[in-house]
Amino acid sequence: MLSEFDIIRCYFSRPAPGAVLGVGDDAALIKPARGMEVAVSTDMLVAGRHFFADADPRKLGYKSLAVNLSDMAAMGARPRWATLSLALPEPMVRTDEKWLEAFADGFFGLAHAHQVDLVGGDTTCGPLTISVTILGEVAKGKALRRSGARPGDDIWISGHLGDAALALAHEQRRIVLEPGEIMECLPALHTPAARVGLGQRLIGLAASAIDISDGLLADLGHILKCSKVAAVVKMGDIRCSASMKRHLPQPLAIECLLAGGDDYELCFTAPRARRKTIETLSLEQEIPLTRIGRIREGGGLVVLDAAGNTITLETKGYDHFHV
Ligand SMILES: [Mg+2]
């Protein structure tokens, strides 16, 4: 059976060119560049709650980092370093080195693509749990926050929403997707693209930002609360896939679109005067950026359907303590 040290040595020790000192001592040493501050965020994924225990380990390795990269994107930070803590069930450690190999492959593949160094972590026996802490750099005082939205701002989203939730609903047999629709929606669930480059470009353009992990309503709700403002969103303006469009009249699909979560797109607000610049940025980055509504004075979030009627939903977003 592999010891903790074997696991770290075999699978999780890689050179860390961006750190002063990487894996192998009591602590890593990192040094942000001059004029930068450090953004830190942690995300934990638990088998049975955030993913199926038999999920593809390569995709799991990818996603465990991707969801953290997405938090860096939401702050406009450049991700630089990460730590990884793994609780692994004993039978898995004893018999399933292939799992570790594939997981590490998925994790480091994405880390390499973003020049993120793994600088530390921990392993233990227990129910399969993956916790990643990410550290990034952002110019002093420039980070995007949830608290900057002002009345009159446009509300923007990147990419399109709802596919991950639709794919999950299919896997849970709550909805039936055609094979072509599964092909279209499944990558959003397993291998989301964190909008890291876009986030950095939004510094100086966006007034506030958040990444959509718990669903548009819940996450835009965080911006509204932190900024002490209200919003109106037009559901028809939210960009969605052909699969989502086909299912949209159903309440379940509407729920996936507005409150499904796991999108890892950015939701941000910006003054009207920035429209042209943001549209140019969209072309440059080859990422659709769509205006879906407007910030207003007051409190609360109203979503309108095509006829201008208010949509009400039971679920406002994924709540880890009430599912
Ligand atoms: Mg977030």
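Residues numbered from 1 in each chain as written. Predicted model: local features only at pLDDT ≥ 70, side-chain atom pairs only at ≥ 80, totals over all residues. Heavy atoms only, no water.

Going by the annotation in an unreviewed UniProt entry, the name recorded for the protein is Thiamine-monophosphate kinase, with Nitrosospira lacus given as the source organism. UniProt's Sequence similarities (unreviewed entry) comment on the protein is quoted here verbatim: "Belongs to the thiamine-monophosphate kinase family." Quoted verbatim from the Pathway (unreviewed entry) field of UniProt, the annotation for the protein is "Cofactor biosynthesis; thiamine diphosphate biosynthesis; thiamine diphosphate from thiamine phosphate: step 1/1." (UniProt positions renumbered as here; feature names shortened; annotations may be inferred.)

(A) Examining the overall build of the protein more closely. For the protein, the count of helices and strands is eleven helices and ten strands. Here the protein has a C-alpha radius of gyration of 20 Å; the compact-globule value for 323 residues is 20 Å, and the two agree. A principal-axis box enclosing the C-alpha atoms of the protein has dimensions of 60 × 50 × 35 Å. For the protein, the residues scored as buried account for 50% of the 323 residues in total. (Helix = DSSP H or I, 4+ residues; strand = E, 2+ residues; numbered from the N terminus. Rg over C-alpha atoms; globule rule 2.2 N^0.38 Å. Buried < 20%, exposed > 50% of the residue type's maximum accessible area, 1.4 Å probe, protein only.)

(B) Region of the structure containing the packing of helix 5 (residues 163-171) against helix 6 (residues 179-190). Look at helix 5 against helix 6: their axes get within 7 Å of each other, and the N-to-C directions meet at 105°. Compared by their axis directions, helix 5 and helix 6 come out roughly perpendicular. Contact with helix 5, carried on its side by Asp163, Ala164, Leu166, Ala167, Leu168, His170 and Glu171, involves Ile182, Glu184, Cys185, Leu186, Ala188, Leu189 and His190 of helix 6 and no other residues of that element. Residues that form the contact of helix 5 with helix 6 fall into these classes: nine nonpolar, two polar and three charged. (Axes fitted to C-alpha atoms, helices over the stretch in contact; angles between N-to-C directions. Parallel < 35°, antiparallel > 145°, perpendicular 65-115°, else oblique. Contact = heavy atoms within 4.5 Å. Nonpolar A, V, L, I, M, F, W, Y, C, P; charged D, E, K, R; others polar.)

(C) Main features of the sheet that holds strand 8 (residues 266-270). With mixed pairing, six strands are arranged side by side in an open sheet as 6-8-5-9-7-10. Two strands bound the open sheet, and with one partner strand each, they are strand 6 (208-211) and strand 10 (300-304). Neighbouring strand axes in the sheet, compared pairwise and without regard to direction, differ in orientation by 25° on average. Here strand 5 (residues 154-158) runs beside strand 9 (residues 289-296); their pairing, made up of five bridges, is antiparallel. Residue pairing for strand 9: Asp154 is matched across the bridge by Arg294. (Pairing = 2+ DSSP bridges.)

(D) Expanded view of the UniProt feature "binding site: Mg(2+) 1" (unreviewed entry) in the protein. Following the UniProt record, one finds the feature "binding site: Mg(2+) 1" (unreviewed entry) at Thr42, Asp43 and Asp122. Residue placement: Thr42 occurs in strand 1 (residues 36-46). Owing to a relative accessible area of 47%, Thr42 belongs among the partly exposed residues under this scheme. Excluding its chain neighbours within four sequence positions, the residues that come into contact with Thr42 are Asn68, Ser131, Val132 and Thr133. Note on placement: Asp43 falls in strand 1.

(E) Structural detail: the coordination of the magnesium ion. The protein atoms donating to the magnesium ion are Asp71 (OD) and Asp211 (OD), with metal-donor distances spanning 2.1 Å. In this pair, Asp71 sits in helix 2 (residues 57-75) while Asp211 sits in strand 6, placing the two residues 140 residues apart along the sequence. By relative accessible area, which is 18% here, Asp71 ends up buried. (Donors = N, O, S within 2.8 Å, 3.2 Å for Na, K, Ca; no water.)

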